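The lines below spell out each chain.
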Amino acid sequence: MLAALARTAALRTTSVICGPGGGRQLWTSRPPSDTDNVKPLEGVKILDLTRILAGPFATMNLGDLGAEVIKVERPGTGDETRAWGPPFLGTESTYFLSVNRNKKSIAVNIKDPKGVKIIKELAAVCDVFVENYVPGKLSAMGLGYEDIDKIAPHIVYCSITGYGQTGPLSQRAGYDAVASALSGMMHITGPEDGDPVRPGVAMTDLATGLYAYGAIMAGLIQRHKTGKGLFIDCNLLSSQVACLTQVAANYLIGQKEAKRWGTAHGSIVPYQAFKTKDGYLVVGAGNNQQFATMCKILNLPELIDDCKYKSNHLRVQNRKELIKILSARFEEELTDMWLCLFEGSKIPYGPINNMKNVFAEPQIAHCEGMATSTPLTTTFPAQCQAKVSAN
């Protein structure tokens, strides 16, 4: 089994040159051929010891780029999300399937010395090792970075945790909603005069998965340059704080405390959802020209030269009065009518779609038609089955 997992490809040297008209092109040392359709990570092998969301999301994205992802699960139960339903597709939850495409799966009890041996043998022939255990737990089993580095010095080892490898919270398990609360994300999400709200999907987990995905890609490039592997520390709390962007900058530089704005924006007016006769439309005017165009579409030309709304700064200062006027106008027409009126205006706009309308959206259908994937393949080979309890 392990012989079949041996690495079969290396990263190819490329450089950037100027093309016709001064544009930048990717140049390779060979003429074009059918292999130009090879996926970027084809030949790269990922040993995936993650479960739930952040880690599986990262490794799924690597798999989408052609990497061979070997997902290691607990014998008997597997990844906890397999049972997170309904809904189910056959015996698998749709939650699990949503973040585990393009993967292979094996069951290994890593609490059994035989299981540890299997993981080390797999690591020796893989390029990337990803795990999301509490710091120190895998080291206690002989599967920490120092242990893997001894047998696979080429390995890019990525540890995804709740709060990092050290510090007062490092031994806590990581949960999206808790990290979202601690990071301030939940504080700035929700109605202006209402309670904090958890985002509709686990954005902290997903952001962490994307940071891990990018760091692993960078790690593979670094290894290509140095010939050596490396350790990547990625955690939920730091990832979400990094995503606070201008909200964090407003506080750190201007000591301005953040607040909830609902669908609106703290620094741009108007830029929010407006209720229509039959739904909601999100519209933004990020500059004076866009504001003037929007006023013409709404048949409110008198607002263009009103001294209270001549600049974004003034529109922010007079937010409540302006939004009241705009809201009353938007409620006079159906969403489809507004969509027709805004078409071609160069104003950013769009309806708030439910899932049915999301997947009926022509642009989504166009993008989906360009994508391909393969389902997760689950195997439970005898040599990986645990003879001792997995609990």
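That block above? That's the structure.
Keep in mind it's a predicted model, so treat the numbers as computed, not measured.

We now examine the overall build of the protein chain. Counting its secondary structure elements, the protein chain contains 15 helices and 14 strands. For the protein chain, the proportion of contacts with a sequence separation of at least 24, taken over those separated by at least 6, is 69%. Accessible surface, the protein chain: about 21500 Å² in total, of which carbon and sulfur atoms supply 58%.

Formed by 23 residues in total, the largest nonpolar core has its most connected members in Leu 47, Leu 49, Ile 110, Ile 119, Phe 129, Leu 138 and Ile 148. When contributions to this core are tallied by element, the ones reaching two or more residues are strand E3 (45-49), strand E4 (68-73), helix H3 (113-124), helix H4 (137-141) and helix H5 (145-151). Top element by residues in this core is H3. It accounts for five residues. Beyond its immediate chain neighbours, meaning those up to four positions away, Leu 138 contacts Leu 49, Ile 110, Phe 129, Glu 131, Tyr 133, Leu 143, Gly 144 and Tyr 157. Ranked by size, the runner-up nonpolar core spans 21 residues in total, among them Leu 62, Ala 67, Val 69 and Val 130.

The next subject is the sheet that holds strand E12 (residues 280-284). Sheet architecture is open: three strands sit in the order E11-E12-E13, paired in antiparallel fashion. At either end of the open sheet lies a strand with only one pairing partner, and these are strand E11 (271-275) and strand E13 (349-351). If you compare each strand with its neighbour and ignore which way they point, the axes differ by 20° on average. Strand direction decides the pairing type here: E11 and E12, joined by five bridges, are antiparallel. Looking at the pairing, Gln 272 lines up with Val 283 of E12. Here helix H12 (residues 319-330) sits on the sheet in contact with E11 and E12, set at roughly 45° to E11.

Tracing the chain through its elements places Tyr 213 in helix H7 (residues 203-226). Each C-alpha atom of the pair Tyr 213 and Thr 59 lies 7.1 Å from the other, and the pair is 154 residues apart in sequence. Once residues within four sequence positions are removed from consideration, Tyr 213 is found in contact with Ala 58, Asn 61, Leu 62 and Leu 65.

With that out of the way, let us pick up the side chain of Thr 161. Positionally, Thr 161 belongs in strand E9 (residues 156-161). We classify Thr 161 as buried; its relative accessible area is 5%. With residues up to four places along the chain from it excluded, the contact list for Thr 161 reads Tyr 133, Pro 135, Asp 233, Cys 234, Asn 235 and Leu 236.

Time to look at a nonpolar patch on the surface. On the surface, Tyr 175, Val 178 and Leu 182 cluster together into a nonpolar patch covering about 300 Å² of accessible area. With respect to the helices and strands, Val 178 occurs in helix H6 (residues 176-182). A residue is classified by how much of its surface remains accessible, and Val 178, at 38% relative accessible area, is partly exposed.

Between helix H1 (residues 54-64) and H7, the shortest axis-to-axis distance is 8 Å and the interhelical angle comes to 45°. With respect to H7, the axis of H1 lies oblique. Between H1 and H7 lies a crossing of right-handed hand. Mapping the contact onto sequence places Ala 54, Phe 57, Ala 58, Asn 61 and Leu 62 in H1 and Asp 205, Leu 206, Thr 208, Gly 209, Leu 210, Ala 212, Tyr 213, Ile 216 and Met 217 in H7. Its residues assigned to classes, the contact of H1 with H7 shows 10 nonpolar, three polar and one charged.

The next subject is the environment of Ile 110. By the element assignment, Ile 110 lies in the loop between strand E7 (103-107) and H3. The buried category is assigned to Ile 110, whose relative accessible area is 9%. In this structure, the C-alpha to C-alpha distance between Ile 110 and Glu 73, residues 37 residues apart in sequence, is 9.3 Å. Setting aside its immediate chain neighbours within four residues, Ile 110 contacts Val 116, Ile 119, Tyr 133, Leu 138, Met 141 and Leu 143.

Considering all chains together, one arrives at 15 salt bridges under this definition. Glu 68 is the partner of Lys 45 in a salt bridge, and the nearest nitrogen-oxygen pair spans 3.0 Å. Here the residue Lys 45 occupies a position in strand E3, and Glu 68 occupies one in strand E4, the gap between them amounting to 23 residues. For the pair shown, Lys 45 and Glu 68 are each scored as buried. In this structure, the salt-bridge partner of Lys 117 is Glu 121, at a minimum N-O distance of 2.6 Å. Here Lys 117 pairs with Glu 121, and both are found in helix H3, just four residues apart, close to one helical turn. Accessibility expressed as a relative area gives 30% for Glu 121, which makes it partly exposed. Salt bridges sharing partners connect three or more residues here, namely Lys 45, Glu 68 and Lys 104.

A separate point is the pairing of E3. Burial of E3 is extensive: five of the five residues sit out of reach of the surface. Alternating positions in E3 separate into two faces, Lys 45, Leu 47 and Leu 49 on one and Ile 46 and Asp 48 on the other, with burial throughout. Judged from the four bridges that link them, E3 and E4 form a sheet pairing that is parallel. For Leu 47, the partnering residue across the bridge sits in E4 and is Ile 70. Between the parallel pair E3 and E4, the chain is carried across by H1, and the sense of this crossover is right-handed. Pairing geometry for E3 and strand E8 (residues 128-131), over four bridges, is parallel. Pairing of Leu 49 across the sheet is with Glu 131, part of E8.

About the thresholds
- Residues numbered from 1 in each chain as written.
- Predicted model: local features only at pLDDT ≥ 70, side-chain atom pairs only at ≥ 80, totals over all residues.
- Heavy atoms only, no water.
- Helix = DSSP H or I, 4+ residues; strand = E, 2+ residues; numbered from the N terminus.
- Contact = heavy atoms within 4.5 Å.
- Areas by Shrake-Rupley, 256 points an atom, 1.4 Å probe, with all protein chains shown as cover.
- Core = buried A, V, L, I, M, F, W, Y, C linked by side-chain atoms within 4.5 Å.
- Buried < 20%, exposed > 50% of the residue type's maximum accessible area, 1.4 Å probe, protein only.
- Pairing = 2+ DSSP bridges.
- Axes fitted to C-alpha atoms, helices over the stretch in contact; angles between N-to-C directions.
- Patch = residues over 30% accessible without salt bridge, like charges linked within 9 Å, V, L, I, M, F, W, Y side chains within 5 Å.
- Salt bridge = Lys/Arg side-chain N within 4 Å of Asp/Glu carboxyl O.
- Parallel < 35°, antiparallel > 145°, perpendicular 65-115°, else oblique.
- Left-handed = near helix turned anticlockwise from the far one by under 90°.
- Nonpolar A, V, L, I, M, F, W, Y, C, P; charged D, E, K, R; others polar.
- Right-handed = clockwise from strand over helix to strand, strands pointing away.

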